[in-house]
Each structure stands twice: as structure tokens, then as C-alpha cells.
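# Commentary on secondary and tertiary structure
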Amino acid sequence: MAGETVFEKGMHVRRTVLGNAHVDKATANINGFNADFQEFISKYAWGEIWTRPELAKREKSLITMAMLIALNRPAEFKMHVKAAFNNGVTVAEIKEVIMQSAIYCGLPAANDAFHLALDVFKELSINY
């Protein structure tokens, strides 16, 4: 893993999962108001949790998408659908996460997730 500090390791994982373009945009938008939050997520979400070895990034992506469906977080869901492809997740697996979520999160949540995922597929020119 690249980096010596938790923050550096977190930024490395953040870049491998979300992609350089996304992280570059997020870091370019750091200001006096959100700087503490950006450091917090880089250290704790990406440097402490996403670096844990017990689950692979692929599995973490699947779990994260399901939780974002449950919490009705469309922007974060779309971001993590994009990121899932960096972690080896397939379109078929994303579909199955949404189907599983339909049972446990409700049909409206799954319906929204299908629409959001399709938006991402179209944006990335991914065949489904």
C-alpha cells in the first residue's frame, strides 16, 4: 500500500477506488469550510476502513452500494456504482445488489437504484 501515514494510505485507496479524476476534483474544491471533512474521510473512511484486509475492495463496493440504497443516498450511490467497476464489480453483480435490496429496502428504493445505475452505465458507455 502506498503511503506511510493513515492519510496517505487513505488517499491512495481513495484514488484506486474512485479514480484520479474524482479525487482531483474533490481536492480542488477543498476550502476553509470543508477541509476538515475531506481530511476526516480520507483518514477514517479510506485510510482506516477501506484498507482493512478482511474484505476485498470488490466486496466493500457491493456492501457500500447496498447500504447507500437503504439510506437513499442517490449521489453517493452513483459515485459508488462508478467506483465499483474499478474494483472488479460487474453489471450483473450491481443488478443483483439492487435486486437483493428490493427485498430488504423496499421496491421504491430498488426502482430508484435501477434508474441511477442506468444513468451511470449510459454516462460510462457501459453495455448492460
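Our structure's up above, just so we're on the same page.
Figured I'd write up the structure that's included with this text. (Residues numbered from 1 in each chain as written. Predicted model: local features only at pLDDT ≥ 70, side-chain atom pairs only at ≥ 80, totals over all residues. Heavy atoms only, no water.)

### Some points on the layout of surface pockets
Reported here for the largest pocket is a volume of approximately 660 Å³. Lining the largest pocket are 26 residues, with Ala45, Trp46, Glu76, Met79 and His80 sitting closest to its centre. Secondary-structure elements contributing two or more residues to the lining of the largest pocket are helix 1 (6–18), helix 2 (20–28), helix 3 (35–49), helix 4 (57–71) and helix 5 (74–86). Here the lining of the largest pocket is composed, by residue class, of 15 nonpolar, five polar and six charged. One number sums up the size of the second largest pocket: a volume of about 260 Å³. (1 Å grid on protein atoms, 1.4 Å probe; cavity = no way out; pocket = protein on both sides within 12 Å on 5 of 7 lines; lining within 4 Å. Points joined across faces, edges and corners; volume = space filled by probe spheres on them. Helix = DSSP H or I, 4+ residues; strand = E, 2+ residues; numbered from the N terminus. Nonpolar A, V, L, I, M, F, W, Y, C, P; charged D, E, K, R; others polar.)

### Brief notes about the nonpolar core
Core analysis: the largest hydrophobic core is formed by 20 residues, its most contacted members being Met65, Ile69, Phe77, Val81, Ile94 and Ile98. Taken together, the elements giving at least two residues each to this core come down to helix 4, helix 5, helix 6 (91–105) and helix 7 (107–123). A total of seven residues in this core trace back to one element, the largest contributor, which is helix 7. Look past the residues within four positions of Val81 in its chain and what remains in contact with it is Met65, Ile94, Val120 and Phe121. (Core = buried A, V, L, I, M, F, W, Y, C linked by side-chain atoms within 4.5 Å. Buried < 20%, exposed > 50% of the residue type's maximum accessible area, 1.4 Å probe, protein only. Contact = heavy atoms within 4.5 Å.)

### Let's talk about the packing of aromatic side chains
Applying the stated criterion across every chain yields a total of four aromatic pairs. Centroid distance Phe40 to Tyr44: 5.3 Å. Interplanar angle 45°. Geometry classified as tilted. Of this pair, Phe40 and Tyr44 both sit in helix 3, separated by four residues, roughly a single helical turn. In this structure Phe40 comes out as partly exposed when scored by relative accessible area, which is 46%. (Phe/Tyr/Trp six-rings, centres within 6.5 Å; stacked < 30°, edge-to-face > 60°.)

### Notes on the packing of helix 6 against helix 7
Two numbers describe how helix 6 lies on helix 7: the axes approach to 7 Å, and their chain directions differ by 160°. Relative to helix 7, the element helix 6 lies roughly antiparallel. In this structure, helix 6 meets helix 7 at a crossing whose hand is right-handed. Touching Val91, Ile94, Lys95, Ile98, Met99, Ala102 and Cys105 of helix 6 are Leu107, Ala109, Ala110, Ala113, Phe114, Ala117 and Phe121, all from helix 7. (Axes fitted to C-alpha atoms, helices over the stretch in contact; angles between N-to-C directions. Parallel < 35°, antiparallel > 145°, perpendicular 65-115°, else oblique. Left-handed = near helix turned anticlockwise from the far one by under 90°.)

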